[in-house]
Number of protein chains: 2
Amino acid sequence: MPASPANDPSLRSWIDIRPTDDFPIQNLPFGIIDVPDWGPRLAVAIGGYALDLYACAQLGYFDSVADDVPELGAALPKVFRRRSLNAFLKLGPTAWRAVRERVSELLRHDNPALRDNELAVRTCLLRQRDVTMLRPVKPANYTDFYSSREHATNVGLLFRPDNPLLPNWSRLPVAYHGRTSSIVVSGTDIRRPHGQYLPSGQTEPVFGPTQQLDFELETAFVVGQGTALGETVPVGQAESHIFGVLLFNDWSARDVQRWEAQPLGPFLGKNFASSVSPWVVTLDALEPFRVAGPAQEPTPLPYLQTSGEHHFDIQLEVLLLPAGATAAPFVISHTSTSHLYWSMAQQLAHHAAGGCPLEVGDLCASGTISGPTPGSLGCLLELTHGGTQPLALPNDLQLSYLRDGDTIILRGYAEHSGIRIGLGEVRGTVLPAAE
Amino acid sequence: MPASPANDPSLRSWIDIRPTDDFPIQNLPFGIIDVPDWGPRLAVAIGGYALDLYACAQLGYFDSVADDVPELGAALPKVFRRRSLNAFLKLGPTAWRAVRERVSELLRHDNPALRDNELAVRTCLLRQRDVTMLRPVKPANYTDFYSSREHATNVGLLFRPDNPLLPNWSRLPVAYHGRTSSIVVSGTDIRRPHGQYLPSGQTEPVFGPTQQLDFELETAFVVGQGTALGETVPVGQAESHIFGVLLFNDWSARDVQRWEAQPLGPFLGKNFASSVSPWVVTLDALEPFRVAGPAQEPTPLPYLQTSGEHHFDIQLEVLLLPAGATAAPFVISHTSTSHLYWSMAQQLAHHAAGGCPLEVGDLCASGTISGPTPGSLGCLLELTHGGTQPLALPNDLQLSYLRDGDTIILRGYAEHSGIRIGLGEVRGTVLPAAE
């Protein structure tokens, strides 16, 4: 599809935005803000601000769009006063694009319509630090893929040294169903879970707080257009079902996972919490960052074959703020989504290949994203070789798995030609296990 | 908790009910009926009829209950005019019990209140054959356990002859997360799915219609009371979170499942469809059918230890109506939920042990229920030893896996002292794969 005018690199906003900011006028990601006294509503991030779409709609700033896109017109302004993006997503891609492009117009440096209306700006433009971010979507279903070859190989080496990558891995995007009820927004503390596990070298399992709490660096896409039972999606049309992308931390209890996961996969080792970043960056905004992705050998079966560029190059960082630290967090891993073997289009086409309905608001996570170098691994299981080789960090800190009080921050951004499209961050701090 | 007066075996109804009927006055399961011209609403099954709770409430038949249970009173009659039981379940156990007991009163042979009001009876009491049954709950999340030792052993023997039952199996109720979006109500046709699989003896996978379509005989419980993030549930209190039980057919594509499921568990081999029976039988109604369940050795860890009877003896049957058949379906398996190793209480306590929130409307299925004899196996994978020993059926029929046009019917009922509490049935017919 043609590039959106909202992506034009020459656009500038009347809002002051630093070049290192995640949310320039070319980004315009969607989220849910909770405004003190006024409740939750949809917003778009711009620089350090959130633009309150509900307030804008009430003031008539979407009237022209409502005329052009009748399904949006019929839903305004109420569809902007919701606790999740789901109802807005259900209006479809024409509505999403029309709103993003209208917001882009309103924020352009040379458009006085909002800029010069002081009362409107005071109502509609809120500092992000003054609002609470809510979980952006109510996930209908959550699927976790396993699409980084480096991650699958590294984990396989720990569990099956002679046979690290199983034969199905390079033939299909392996995935499993996760749990939606424990998906929380960035900033939510993560209580160390209890679970059953087999202590190393012992034969009797125990039940207690996990001793091997880990993060997983992932991105996830949000399904914006669903499918009916029995409907499949040609891989060439798969991206039209994707609204956008966010950061995803799939917290994991490795000891629990190891003991429980055969033969049916992870359960309590994963479902105690997953954290998402609050702003969903649209696939439209990521359009300039397409890359070809790794060569796929063996050639995928026809239902997974694509031509053109369907991967995206989003730089990713993991930062650790150790318990008790007062200094800034430091980077413990740096990688990119361009390392992923299977594209989002292939993941979605595979997901629908058997006729399982996709629902608006579904989250499909990438699986842990690791790169080829020791500094680009996406979880502590890999970074510490299963906990046996602690990370040596500044201030004589040795880290195997996460300790109570540790904070993990995932960040992501795509950047070239001076334009930075950021995903923001997702953070969580480990709380001690319940008594 | 004390037995409900609605369970009294001496109760009789003014509605004529045969002794073999699944829905005597002691049962009173809840479901969603779609009434032509009037739309979906809650109903209770009685004999061959459905009692329209919304119509009853409009006519004042729940006024006394509304006075006694304020949370119900505030929600009536609207909470009975919904497309799922979820909103009613959220009112809590006091409300569920009050409604069931009031319905019991209204249907007693000696209560003229409804019986003698001809116009009310004509409005409220509908023949089941005149209404469409909808999916009774909108499943918030779906978890499939694996709690039949016989099933886990039989499947293990096919895949790992020297090590059929993995060491974790007898220590915890193994489970995995399933997909809610493809859960359909009884009567929905099941389209044979496409999928990727490795044909026997070959090294290159193919993509096409599954050649090994199977059913799985399961029951599932409906969560009626949720938990918050981080909250756990003592196993002794677990049953208070369960509203009721239904029949569950976890359709499976064995070739797809075998190829995809390592290391993260089943995905497209399962998520194309699961079928549920339309009436949810309350745990209250099943109270008289408690049994001790199998001895658990090794002794479970304390968080899974229970005393008393927490298993239930529900007889289960699988019937096949072969493609093209004109005669009655015939039974191909007969077993009981009493064979399950892990109880629903243990399943639920384990599920919550890491703090993962349970949500109202969650479905937790048992996993395939097999008994110890060849005639008591719960899926074709077991009944035919992985498809290698076809079932010899009447009329010279040899069945390995399901063929287009085959219909599978699961039935369930608990029975003693002349009282039969039925779960009704769940059925589905296999349609040919899409072109």
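Calculation notes
Residues numbered from 1 in each chain as written. Chains lettered and ligands numbered in written order. Predicted model: local features only at pLDDT ≥ 70, side-chain atom pairs only at ≥ 80, totals over all residues. Heavy atoms only, no water. UniProt positions renumbered as here; feature names shortened; annotations may be inferred. Domains from an automatic or database assignment. Contact = heavy atoms within 4.5 Å. Buried area = accessible area lost by both parts, 1.4 Å probe. Salt bridge = Lys/Arg side-chain N within 4 Å of Asp/Glu carboxyl O. Pairing = 2+ DSSP bridges. Helix = DSSP H or I, 4+ residues; strand = E, 2+ residues; numbered from the N terminus. Polar contact = N/O pair within 3.5 Å; in protein donor to acceptor, adjacent residues only side chain to side chain. Nonpolar A, V, L, I, M, F, W, Y, C, P; charged D, E, K, R; others polar. Least-squares fit on C-alpha atoms with pLDDT ≥ 70 in both. Buried < 20%, exposed > 50% of the residue type's maximum accessible area, 1.4 Å probe, protein only. Axes fitted to C-alpha atoms, helices over the stretch in contact; angles between N-to-C directions. Disulfide = S-S within 2.5 Å.

Chain A has the name fumarylacetoacetase in an unreviewed UniProt entry, where Hymenobacter bucti is given as its organism. Listed under Pathway (unreviewed entry) in UniProt, the entry text for chain A is "Amino-acid degradation; L-phenylalanine degradation; acetoacetate and fumarate from L-phenylalanine: step 6/6."

Overview of the domain arrangement of chain A
Interface size, as often reported, equals the accessible area lost upon joining of the parts. Residue and element names in this part refer to chain A. Entries for chain A in the domain assignment read domain 1 (5–134) and domain 2 (142–431). If you look at the interface, domain 1 gives 29 residues, while domain 2 gives 27 residues. Buried area between domain 1 and domain 2, both sides added, is near 2,100 Å², and the carbon and sulfur share of it is 65%. Per-residue buried area on domain 1 facing domain 2 is highest for D22, L89 and W96; these three make up 24% of the total on that side. Inspection of the domain 1/domain 2 interface yields two salt bridges.

Quick look at the sheet that holds strand β9 (residues 190–191) of chain A
All names here are of chain A. On the basis of which strands lie adjacent, the open sheet formed by five strands has the order β9-β26-β25-β20-β21 and mixed pairing. Two strands lie at the open edges of the sheet, namely β9 and β21 (330–336), each paired on one side alone. The pairing of β9 with strand β26 (residues 419–431) spans two bridges and is parallel. Paired with I190 across the two strands is V430, which belongs to β26.

Examining the interface of chain B and chain A
Across the contact, 53 residues belong to chain B and 53 residues belong to chain A. Taken together, both faces of the contact between chain B and chain A bury some 5,100 Å²; the carbon and sulfur share is 61%. Among the salt bridges present, the one from R179 of chain A reaches D362 of chain B, with a minimum N-O distance of 2.6 Å. Along the contact surface separating chain B from chain A lie 20 residue pairs in polar contact (both at pLDDT 80 or more). Every element with two or more residues in the side of chain B that touches chain A is listed here: β7 (175–177), β10 (194–197), β11 (206–209), α9 (254–260) and α11 (344–352) of chain B. The greatest single-element share of the side of chain B that touches chain A, amounting to three residues, is contributed by β7 of chain B. Considered class by class, the residues forming the side of chain B that touches chain A number 29 nonpolar, 17 polar and seven charged.

Some thoughts on the relation of the copies chain B and chain A
Take chain B, turn it by 180°, move it 0.0 Å along the axis, and it overlays chain A with an RMSD of 0.0 Å. Both copies are brought into coincidence by an operation consistent with a two-fold rotation axis. Across chain B, the smallest distance between a C-alpha and the rotation axis is recorded for G265 of chain B, namely 2.2 Å.

Quick notes on helix α11 (residues 344–352) of chain A
In terms of burial, α11 of chain A is largely enclosed, as nine of its nine residues are buried. All buried positions along α11 of chain A are accounted for by M344, A345, Q346, Q347, L348, A349, H350, H351 and A352 of chain A.

Observations regarding the sheet that holds strand β5 (residues 132–134) of chain A
Residues and elements named next belong to chain A. Taken in spatial order, the five strands line up as β4-β3-β2-β1-β5 in an open sheet, and their pairing is antiparallel. Each edge of the open sheet carries a strand with a single partner, namely β4 (125–127) and β5. The sheet shows a mean angle of 45° between the axes of neighbouring strands, taken without regard to direction. Examined bridge by bridge, strand β1 (residues 30–35) and strand β2 (residues 39–46) share six bridges and lie antiparallel to one another. Following the sheet pairing, I32 is matched in β2 by L42.

Examining the state of the cysteines
All names here are of chain B. Considering all chains together, one arrives at zero disulfides over all chains under this definition. Cysteine C124 remains unbridged, with the sulfur of C56 as its closest cysteine sulfur at 3.7 Å. No disulfide involves C356; its sulfur sits 9.6 Å from the nearest other cysteine sulfur, which is in C364.

So, the pairing of strand β25 (residues 407–416) of chain B
Residue and element names in this part refer to chain B. Within β25, seven of the 10 residues are buried, which leaves the element mostly enclosed by the surrounding structure. Across seven bridges, the pairing between strand β20 (residues 315–321) and β25 is antiparallel. Counterpart to L320 in the pairing with β25 is I408. As consecutive antiparallel partners, β25 and strand β26 (residues 419–431) are separated by two residues, and within that stretch S417 has a phi angle of approximately 50°, a positive value.

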